[in-house]
Amino acid sequence: MALNPQLFPNGMPVPFVSEMFVLARDGVEFEVDKIPTSGNHGGHLKTKGIIYLSNIRMVFVAKSPVGGITAFDMPLLYIRGEKFNQPIFHCNNLSGHVEPVVPNDQHRALYSTHSFKILFKEGGCGTFIPLFFNLITSVRQYNQHVNMQTQSHVDPLQAAQTPVDEMMRHAYVDPNDPTRIFLQQPDSDSQLRRRTYQPQADGGHV
């Protein structure tokens, strides 16, 4: 997980090289723990916004910044234990854990694994949930060699090799789900593309 990835003025995440956005889902509430800048007990943060899903990552963009935090970036290769929950008295939600994106010059032990939850507050999720699980399954299948490596750091961008075109064309569209599927890439005319998760010397990301 990485805090505050680069965004376009319209709130859309700036894509990586070879990244393809699959969908956007508005009307969600996002919960995450162990955020050091949140100021809350346990670093717990909860806010509303929109989820973007691509062949590399899932990005939550807050409607309004909370404690200086505008967005959360969750690489698909770093997500573990994902589960779709359908409680009787509460809204459907997706929960799981995500490993932190650790800068090359820092030690993994300094960073905590985060627990997250995405609550579908508005409308259904019959489009989002199948696409998410199909995508994350495909990402893992196409990156099995990554799991066999002994290195402690896996480049999240290796997920970009996962083909998603066919998946998007045959996605089930739930009329009660406000998810928007990107049949054409947004901001496709922009030449701005990120090449790595690692921060620049000035504290930004490239």
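Right above here is the structure, for reference.
This one's a predicted model, so the numbers in the text were calculated from it and none came from an experiment. (Residues numbered from 1 in each chain as written. Predicted model: local features only at pLDDT ≥ 70, side-chain atom pairs only at ≥ 80, totals over all residues. Heavy atoms only, no water.)

## Some remarks on the pairing of strand E8 (residues 114-120)
Within a regular strand, the side chains alternate between the two sheet faces. What counts is decided by this rule: Partly exposed residues are those whose accessible area sits between 20% and 50% of the maximum for their type, while under 20% is buried and over 50% is exposed, using a 1.4 Å probe and protein chains only. Helix and strand labels come from DSSP, where a helix needs a run of H or I of at least four residues and a strand needs a run of E of at least two; each type is numbered from the N terminus. Any two strands between which DSSP finds at least two bridges are classified as paired.
Of all seven residues that make up E8, five are buried, and the element is covered over most of its length. As defined by bridge partners, strand E2 (residues 21-32) adjoins E8 across five bridges and the pair is classed as antiparallel. What sits directly across from Val32, in E8, is Phe116. Here strand E7 (residues 93-98) runs beside E8; their pairing, made up of six bridges, is antiparallel. Across the sheet, the residue bridging to His97 is Ser115, located in E8.

## Side note on the pattern of salt bridges
This is how it is decided: Definition used for salt bridges: Asp or Glu carboxyl oxygen within 4 Å of a side-chain nitrogen of Lys or Arg.
Taken as a whole, this structure holds five salt bridges when the rule is applied. Across the salt bridge formed by Asp177 and Arg25, the nearest N and O atoms sit 3.0 Å from each other. With a gap of 152 residues between them, Asp177 in the loop between helix H3 (165-169) and strand E9 (180-181) and Arg25 in strand E2 connect regions that are remote in the sequence. Neither residue differs from the other here; Asp177 and Arg25 are each classed as buried. Glu82 is paired through a salt bridge with Arg140; the nearest N and O atoms lie 2.6 Å apart. Separated by 58 residues along the polypeptide, Glu82 in strand E6 (residues 79-85) and Arg140 in helix H1 (residues 128-142) bring together distant segments of the chain.

## So, the environment of Glu19
Just so we agree on the cut-off: Whether two residues are in contact is decided by their heavy atoms: any pair within 4.5 Å suffices. N or O atoms within 3.5 Å of each other form a polar contact, as long as, within protein, one can give a hydrogen and the other can take it, and as long as residues adjacent in sequence are counted only when both atoms are side-chain atoms.
Along the chain, Glu19 turns up in the loop between strand E1 (2-3) and E2. The class for Glu19 is buried, based on a relative accessible area of 3%. Put simply, Glu19 and Arg57 are 38 residues apart on the chain and 8.9 Å apart in space, counted from C-alpha to C-alpha. Not counting residues within four places of it along the chain, the set of residues in contact with Glu19 comprises Val14, Ser54, Asn55, Ile56, Arg57, Gln185 and Arg193. Within the structure, Glu19 has its side chain in polar contact with the side chain of Ser54 (distance 2.6 Å). Side chain to side chain, Glu19 and Arg57 meet in a polar contact 2.7 Å long.

## A closer look at empty space enclosed by the protein
Gaps left between atoms are located by rolling a probe of water-molecule size over the structure's atoms. The cut-off we apply is this: Cavities and pockets were defined on a 1 Å grid built over protein atoms only: a cavity is a set of grid points that admits a 1.4 Å probe from which the probe cannot escape, a pocket is an open set flanked by protein on both sides within 12 Å along at least five of seven lines, and lining residues are those with an atom within 4 Å of any such point. Grid points are joined across faces, edges and corners, and a volume is the space filled by probe spheres set on the points. The classification used treats Ala, Val, Leu, Ile, Met, Phe, Trp, Tyr, Cys and Pro as nonpolar, Asp, Glu, Lys and Arg as charged, and all other residues, Gly among them, as polar.
For the coordinates displayed, the defined rule picks out one cavity of 30 Å³ or more. Of the volumes computed, that of the largest cavity is approximately 50 Å³. Every residue lining the largest cavity is counted, ten residues in all, and those nearest its centre are Pro15, Phe21, Gln185, Pro186 and Arg193. When its residues are assigned to classes, the lining of the largest cavity shows six nonpolar, one polar and three charged.

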